[in-house]
Amino acid sequence: MKQYKGYLFDIDGTILLGNTLIPGAKEKIEELRRDNKKIGFFTNNSSKNPKKYVEKFKEFGIEAKLDEIITAGIVLLSHIKKNYRDKKVYIVGTEEYKNLYRYAGIDVIDEIENFDNHDIEILIIALDTELDFKKLETACKLLKKEIKYFAANEDLVYPIENKVYLPDCKAICKMIELCTGKKPIYFGKPNAVMLSYALDKLELDKEDVVIVGDRLYTDIACGNINGCDTILVLSGEATGKENTIYKPNYILEDISKI
């Protein structure tokens, strides 16, 4: 296997399954750090404040810095801060995720009294573990007008323990699409904006980095589409037997085999 200067690790299904640490993950990360490799935790999970990942990793004995946590939600927030800081937004997402926008000074609207006369210009969808019907109804009503429509990530599901899968951001967007015919612009893996953001954090070129993940249509696709090497691990969603256009450079049982 080629030696890389940097490793971009997916989290769910690659390092953790729900609240369970994948065996050998901690030891492999420590080994790579001893070898002076740069590490990024490269996740499409858009429900959490990155600080929660730092805290969660610490519970498992994994030391991680805040700027090593690269989430699809943060990449989307960065885009909003850069281009639409003065716009009002409605977010289908967790309170934890919405608070990131509030901390950044973005005007997040939670209640809309008149859908025929409102000044919301952006609808944002993220992984929402607090999803209710009212949020879906609001999103559909907002999309009757021409507004900016963004979503954090294209994952349909995310894995937890015992090979159970739960609805992710794109599953929510699919429900809205069935009702409105509208599709959002996505920001997470496999899109180039997500990889570019991560490479800037690592201060490395894509030729010196490998993406490690358990999902073909996001993790491996991100590398294939954007010219970055990939490692598929079989600790999460993928089995290695899928018939797909997305081909990893390497297939391993889990990250301990790197």
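Just above sits the structure.
The shown structure was predicted, so the numbers you read here are calculated from the model rather than taken from an experiment.

Time to look at the sheet that holds strand E8 (residues 120-125). Spatially, the 5 strands line up as an open sheet ordered E7-E6-E8-E9-E12, and their pairing is parallel. On the outer flanks of this sheet lie strand E7 (107-108) and strand E12 (185-186), each paired with one strand and no other. One ladder, built from 4 bridges, connects E8 with strand E9 (residues 148-151); its direction is parallel. The residue of E9 that forms the bridge with Ile122 is Lys148. Against the sheet, helix H3 (residues 72-83) touches E8 and E9, its axis set at about 150° to E9. Set on the sheet, helix H5 (residues 133-142) makes contact with strand E6 (88-92) and E8; between it and E6 the angle comes to about 135°.

Its place among the elements puts Val193 in helix H7 (residues 192-202). When its relative accessible area of 38% is taken as the criterion, Val193 is described as partly exposed. Excluding residues within four positions of it along the chain, Val193 makes contact with Val75 and Phe187.

Glancing now at the pairing of E8. Taken residue by residue, a regular strand's side chains alternate between the two faces of the sheet. Counting buried positions along E8 yields 5 of 6 residues, so the element is predominantly enclosed. As judged from the 5 bridges shared by E6 and E8, these two strands associate in the parallel manner. When the bridges of E8 are listed, Ile91 appears paired with Ile124. Taking the sense of rotation as the criterion, the β-α-β connection linking E8, H5 and E9 turns out right-handed.

Judged by how many residues are buried, strand E13 (residues 209-213) sits mostly within the fold: 5 of 5 residues are covered. Judged by which residues are buried, E13 turns out to be covered on both faces: Val209, Ile211 and Gly213 on one side and Val210 and Val212 on the other are all buried. By the bridge criterion, 4 bridges tie strand E1 (residues 6-9) to E13 in an arrangement that is parallel. Within the sheet, the bridge partner assigned to Gly6 lies in E13 and is Val209.

Cut-off values and rules
- Residues numbered from 1 in each chain as written.
- Predicted model: local features only at pLDDT ≥ 70, side-chain atom pairs only at ≥ 80, totals over all residues.
- Heavy atoms only, no water.
- Pairing = 2+ DSSP bridges.
- Helix = DSSP H or I, 4+ residues; strand = E, 2+ residues; numbered from the N terminus.
- Contact = heavy atoms within 4.5 Å.
- Axes fitted to C-alpha atoms, helices over the stretch in contact; angles between N-to-C directions.
- Buried < 20%, exposed > 50% of the residue type's maximum accessible area, 1.4 Å probe, protein only.
- Right-handed = clockwise from strand over helix to strand, strands pointing away.

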